[in-house]
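Survey of secondary and tertiary structure
Okay, here's what each chain looks like letter by letter:
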Amino acid sequence: MENTKDIILNEALNLFSEQGYEGVSMRDIAKAVGIQAPSLYNHFASKEDIFNSLMDAMTERYHKMAVQNQVPQGSMEDVVGAYVFVTTEALIAIAQKMLLFMIEDDFAVKYRKLLTIEQFRNEKANKAFQDFFIQGALTFESSLFKDMMAKDVFIACDPLIMAYHFYGPIFLMMNQFSQKDSDKTYALHVVSEHVKQFSSIYVKKLRK
């Protein structure tokens, strides 16, 4: 059973993702939750506090998904050490599960929609969007790929361009297949073929 704070966050996310951050008041959130506006302040100090809590909730939700799907965790050294032994088929499975989370999890879909809407008019939203969906992902992957090259797993090339090659299509898929009428089976096929082709280009010795 959801506690009041979780209900507030979910209702706020629903409103923010439809009307934008600036278009929603604390009174609107309270009405959606079914409580008086002053009662909101027993749980959150301000609308910005709710927004910050949504960012924390999304980070925690993503981390739990990654752990459940056995995505390598820890320091970069630990992550590199784990990926050295990941086969192409295992990487496909990880990529598919992560894509499904981003296109099927209601919270994740609405959170990305919120940041997409607000990134051009809200500095905090823009930073969150860049950190989570763009620059943060590219920085992590380029660092990972650089270290994987040092381990002689990948061919020598520009690791940032390699990160663009891998993550660009994934980001496009997140947006393409998050529609309610999207063919999820086809989405899994596309990400599988993407990983296979990426591996055929960059991995020195394909690991089935």
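Quick summary incoming for the structure in this document. (Residues numbered from 1 in each chain as written. Predicted model: local features only at pLDDT ≥ 70, side-chain atom pairs only at ≥ 80, totals over all residues. Heavy atoms only, no water.)

What to know about the packing of helix H9 (residues 135-150) against helix H10 (residues 159-176)
In the contact formed by H9 and H10, the axes pass within 8 Å of each other and the chain directions differ by 120 degrees. On the basis of the axis angle, H9 is oblique to H10. Where H9 crosses over H10, the handedness of that crossing is right-handed. Only Pro159, Leu160, Met162, Ala163, Tyr164, Phe166 and Tyr167 of H10 make contact with H9, whose side of the interface consists of Ala137, Leu138, Glu141, Ser142, Phe145, Lys146 and Met149. (Axes fitted to C-alpha atoms, helices over the stretch in contact; angles between N-to-C directions. Helix = DSSP H or I, 4+ residues; strand = E, 2+ residues; numbered from the N terminus. Parallel < 35°, antiparallel > 145°, perpendicular 65-115°, else oblique. Left-handed = near helix turned anticlockwise from the far one by under 90°. Contact = heavy atoms within 4.5 Å.)

Things to note about the packing of helix H1 (residues 4-19) against helix H2 (residues 26-33)
Look at H1 against H2: their axes get within 9 Å of each other, and the N-to-C directions meet at 120 degrees. One element, H1, and the other, H2, form an angle in the oblique class. The hand of the H1/H2 crossing is right-handed. Residues Ile7, Ile8, Glu11, Ala12, Leu15 and Phe16 of H1 touch H2, and the partners they reach there are Asp28, Ile29, Ala32 and Val33.

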